[in-house]
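Summary of structural features
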Amino acid sequence: MDEALRALREKNPSLPLYSVHDREFRRYGCVFSFDGQDRLAAALARTPIPESGNAYAASEPTLEAVGVNAALSGACFGGKAVQVGCCNGHGFTMNAMEYHRCSEINMTTTGLVLLLAAPEALHDGALDARDVVGFYLPADTAVEIYPMVMHFAPCRVREDGFNCLVVLEKGTNQPLDTVDTTLPGEDKLLWMTNKWLTCHPDSPQAQKGAYCGIRGENLTLKI
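These notes cover the structure that comes with them. (Residues numbered from 1 in each chain as written. Predicted model: local features only at pLDDT ≥ 70, side-chain atom pairs only at ≥ 80, totals over all residues. Heavy atoms only, no water.)

1. With respect to the overall build of the protein
Broken down by element type, the protein carries five helices and 14 strands. Computed over C-alpha atoms, the radius of gyration of the protein comes to 16 Å, within 12% of the 17 Å expected from 2.2 N^0.38 for 223 residues, which places it in the range of a compact globule. Projected onto its principal axes, the C-alpha coordinates of the protein cover approximately 45 × 45 × 35 Å. Across the 223 residues in the protein, those meeting the buried criterion constitute 52%. Of the contacts formed within the protein by residues at least 6 apart in sequence, a portion of 77% connects residues at least 24 apart. As displayed, the protein has an accessible area near 10,200 Å², and 51% of this comes from carbon and sulfur atoms. (Helix = DSSP H or I, 4+ residues; strand = E, 2+ residues; numbered from the N terminus. Rg over C-alpha atoms; globule rule 2.2 N^0.38 Å. Buried < 20%, exposed > 50% of the residue type's maximum accessible area, 1.4 Å probe, protein only. Contact = heavy atoms within 4.5 Å. Areas by Shrake-Rupley, 256 points an atom, 1.4 Å probe, with all protein chains shown as cover.)

Quick look at the structure:
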């Protein structure tokens, strides 16, 4: 077992924690590699980590310029146009969970933990925090997160924060003209383009008006 994962398990005994290389990850995604991965990792390592909080760029010019969009599109998106961005920061709290109707590619050069939940754990916008599982993503490992799998911003595993590649179908996470969390069914979760979100009542997302459907503890990762 990776020593970093072992230490995380010791400090977070109530949170199920696995590696993306473990069998448990198979229902949520898969580990894979692609042409130009080393070059993209080098570019990702140069993207800045903010001093506090998280910063998300749906399309980061320095990552797009590496020129691996076609390889990423062919690997996980069936040839559809993609956007290559990143989420970097110091986050360690679940706060919310979202899903897309497309895959998401993640990679890191710092290591991080992804908090994930299976699609069937969501019931009319409600999610029990006990159904959320953590997966350690080691440095320089790329994963595909399958469509509809619930996830949100990564959690840091070291004091200086994390970087995380975020590749999605082009146009994902763009603002909508209107958002209405009073709508019935799944429609109340539609927060941005191709982004359905439910949040914890104690989260910043709740303060912004997102639908509050997460029950139980607002999970945090101790390091």
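That was the structure; now back to the text.
2. As for the layout of surface pockets
Counted as a void, the largest pocket has a volume near 700 Å³. Counting residues per element, the lining of the largest pocket draws most heavily on strand S3 (residues 54–57), at three residues. Grouping the amino acids of the lining of the largest pocket by side-chain chemistry returns 15 nonpolar, 11 polar and four charged. (1 Å grid on protein atoms, 1.4 Å probe; cavity = no way out; pocket = protein on both sides within 12 Å on 5 of 7 lines; lining within 4 Å. Points joined across faces, edges and corners; volume = space filled by probe spheres on them. Nonpolar A, V, L, I, M, F, W, Y, C, P; charged D, E, K, R; others polar.)

3. Regarding the packing of aromatic side chains
Inspection of the entire model under this criterion finds five aromatic pairs. Residues tyrosine 99 and tryptophan 196 carry aromatic rings whose centres are separated by 5.5 Å and whose planes lie at 5° to one another, so their mutual orientation is stacked. In this pair, tyrosine 99 is assigned in strand S5 (residues 96–99) and tryptophan 196 in strand S13 (residues 195–199), connecting sequence segments 97 residues apart. Per residue, the accessibility class of tyrosine 99 equals that of tryptophan 196, and both read buried. Taken together, the ring pairs connect Tyr18, Phe25, Tyr28 and Phe135 into an aromatic cluster. Seen from the ring of tryptophan 196, arginine 101 lies directly overhead, with NZ or CZ sitting 4.5 Å from the centre. Sitting over the ring of tyrosine 211, lysine 188 keeps its end group 5.4 Å from the ring centre. (Phe/Tyr/Trp six-rings, centres within 6.5 Å; stacked < 30°, edge-to-face > 60°. Lys NZ or Arg CZ within 6 Å of the ring centre and 35° of its normal.)

4. Side note on unusual backbone geometry
A positive phi angle is found at aspartate 140, which is not glycine, with a value near 65°. Considering the arrangement of structural elements, one finds aspartate 140 in the loop between strand S9 (133–137) and strand S10 (141–145). Phi is positive for asparagine 194, close to 55°, though the residue is something other than glycine. The residue asparagine 194 is located in the loop between strand S12 (190–192) and S13 in this model. Take asparagine 194: its relative accessible area is 16%, and that puts it in the buried class.

5. Some remarks on the pattern of salt bridges
Pairs can form between side chains of opposite charge once their charged atoms are near each other. Summed over the entire model, instances satisfying the criterion amount to eight salt bridges. In this structure, glutamate 3 engages arginine 6 in a salt bridge whose closest nitrogen and oxygen atoms are separated by 3.4 Å. Placement of the pair is glutamate 3 and arginine 6 together in helix H1 (residues 3–11), with a separation of three residues, close to one helical turn. With a relative accessible area of 54%, glutamate 3 lands in the exposed category. Salt-bridge contacts for lysine 80 lead to glutamate 169; the nearest nitrogen and oxygen are separated by 3.9 Å. Placement of lysine 80 in the loop between helix H4 (69–76) and strand S4 (82–89) and of glutamate 169 in strand S11 (residues 165–169) is noted, with a sequence separation of 89 residues between them. (Salt bridge = Lys/Arg side-chain N within 4 Å of Asp/Glu carboxyl O.)

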